[in-house]
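So the chains spell out like this:
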Amino acid sequence: MENNTITACVRIDGMANTRSFADIRNEILSAHKNTGPQDKVSFYNTWAENYEQDVALLDYRAPLLAAECITTHFKGDKERAIILDVACGTGLVSAHLRRMGFCQFVGVDGSEGMLDLARETGLYLELKQCMLGQESLPVQNGNKHINLEPHNSVIFLETYDVVVIVGALSVGQVPVAVVRELWQVTKPGGYMCMTTRGNADNQEYKTELEHMMSTMEEEKRWSCVTVTEVEQWERAVAENESGYIPGAVYLYQRN
C-alpha cells in the first residue's frame, strides 16, 4: 500500500458566478446537517441547478482526484470497463473519467434533480434513483453479458470493473455500511474508489470508515491499492475553519 500527501494551492478568480461565497457556504452547511432522508433529497433536488458552479467556486477537488486515482491504477481496458458511479450527482466524476479514456458508465443517485442533469450529459448508459442507506441497491446475481440498454433498471452483482463513490461517504450523508453493499457489485479483481472529508466534524465518520476498510481487508475481501491524504480538499465553510479542509481518496481491489 502506498500513502501520498498532496498539497496544492488553487486560485479561484474570474469565475462568472452570481452567488456569493456566503450563499454557497450556507448550502454546504445545510448539506452536512443530519436531516431526514426526504429533507436531504429535497435539498439536493433544489441545489441541483447551482451545484456545479457552487462546487467549482469551492474548489471541490474530490471528483478529479478520484478520477486520477482510478486512471493511474486501473490495469484493464478502459474503453471496455463498466463503471458504477454511486452518488453520481450531475456527473462530475464520470465526466473526468470520460476525458481520461473510460467510456461506459452507470449512475446511481438519490436525487431526481441531480439525475436529470446527469442525463443531459449523455455520459451514462443507465441512471437509477436509489436512496443509499435507506433502500438497497436493486441488484441480482452477476451476469457476464450485462444488458446496458438505457432503461435497464437492474444493477448486477460482481459486474462492475470500477465502483466509485465520491462525496457521499461523510457524516449526515450515507452510512458506512453501504461500503459492503458496493463491494458486492464490484467484480473480482475490480476496484472500489471512495472519498471522505478529513475536517473536524467528519473525523468520527472517517475513523469508522477506515475501520470498515481494514476489517474487510482482514476478511480478505479486498486489498488496499493506495490511500491519498489531501491537505487542500475544498474550501472551508464551517465557522471554526478557514482556508481549505483536508480529505482522502481510497482505492481498493476486490479479491
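It should be noted that the structure appears before, not after, this text.
Residues numbered from 1 in each chain as written. Predicted model: local features only at pLDDT ≥ 70, side-chain atom pairs only at ≥ 80, totals over all residues. Heavy atoms only, no water.

A. Spatial organisation of the overall build of the chain. Helix and strand counts for the chain come out as seven helices and ten strands. For the chain, with 255 residues in total, the buried portion stands at 50%. Long-range contacts, defined as pairs at least 24 residues apart, comprise 70% of the intrachain contacts of the chain with a sequence gap of at least 6. Accessible surface, the chain as shown: approximately 12,000 Å² in total, 47% of it carbon and sulfur. (Helix = DSSP H or I, 4+ residues; strand = E, 2+ residues; numbered from the N terminus. Buried < 20%, exposed > 50% of the residue type's maximum accessible area, 1.4 Å probe, protein only. Contact = heavy atoms within 4.5 Å. Areas by Shrake-Rupley, 256 points an atom, 1.4 Å probe, with all protein chains shown as cover.)

B. Structural context of the nonpolar core. Of all hydrophobic cores here, the largest spans 43 residues; its most connected members are Ile-70, Leu-97, Phe-102, Val-164 and Trp-233. Examining the composition of this core, we find that seven residues originate from one element, helix H2 (residues 37-57), more than from any other. With 33 residues, the next largest nonpolar core counts Ile-165, Val-174, Met-213 and Trp-222 among its residues. (Core = buried A, V, L, I, M, F, W, Y, C linked by side-chain atoms within 4.5 Å.)

C. Highlighting the environment of Gly-190. Relative to the helices and strands, Gly-190 is located in strand E8 (residues 186-197). Since its relative accessible area comes to 2%, Gly-190 is described here as buried. Distance from Gly-190 to Arg-254, taken between C-alpha atoms, is 5.5 Å for residues 64 residues apart in sequence. For Gly-190, the contacting residues outside a window of four places in its chain are Tyr-160, Asp-161, Tyr-252, Gln-253 and Arg-254.

D. Representation of the side chain of Asp-54 within the structure. Looking at the element boundaries, Asp-54 is found in helix H2. Within the local environment of Asp-54, its side chain forms a polar contact with the side chain of Arg-19, the two groups lying 2.7 Å apart. (Polar contact = N/O pair within 3.5 Å; in protein donor to acceptor, adjacent residues only side chain to side chain.)

E. Expanded view of the pattern of salt bridges. Tallied over the full model, the rule gives ten salt bridges. Put simply, Lys-206 and Glu-210 hold a salt bridge, and the shortest N to O gap is 2.9 Å. In this pair, Lys-206 and Glu-210 are both assigned in helix H7 (residues 203-218), four residues apart and thus about one turn of the helix distant. Take Lys-206: its relative accessible area is 9%, and that puts it in the buried class. Judged by its relative accessible area of 26%, Glu-210 is partly exposed. Glu-219 is the partner of Arg-221 in a salt bridge, and the nearest nitrogen-oxygen pair spans 2.6 Å. Glu-219 gets classed as partly exposed once you look at its relative accessible area, which sits at 36%. Three or more residues are tied together by salt bridges with common partners; here these are Arg-180, Glu-219 and Arg-221. (Salt bridge = Lys/Arg side-chain N within 4 Å of Asp/Glu carboxyl O.)

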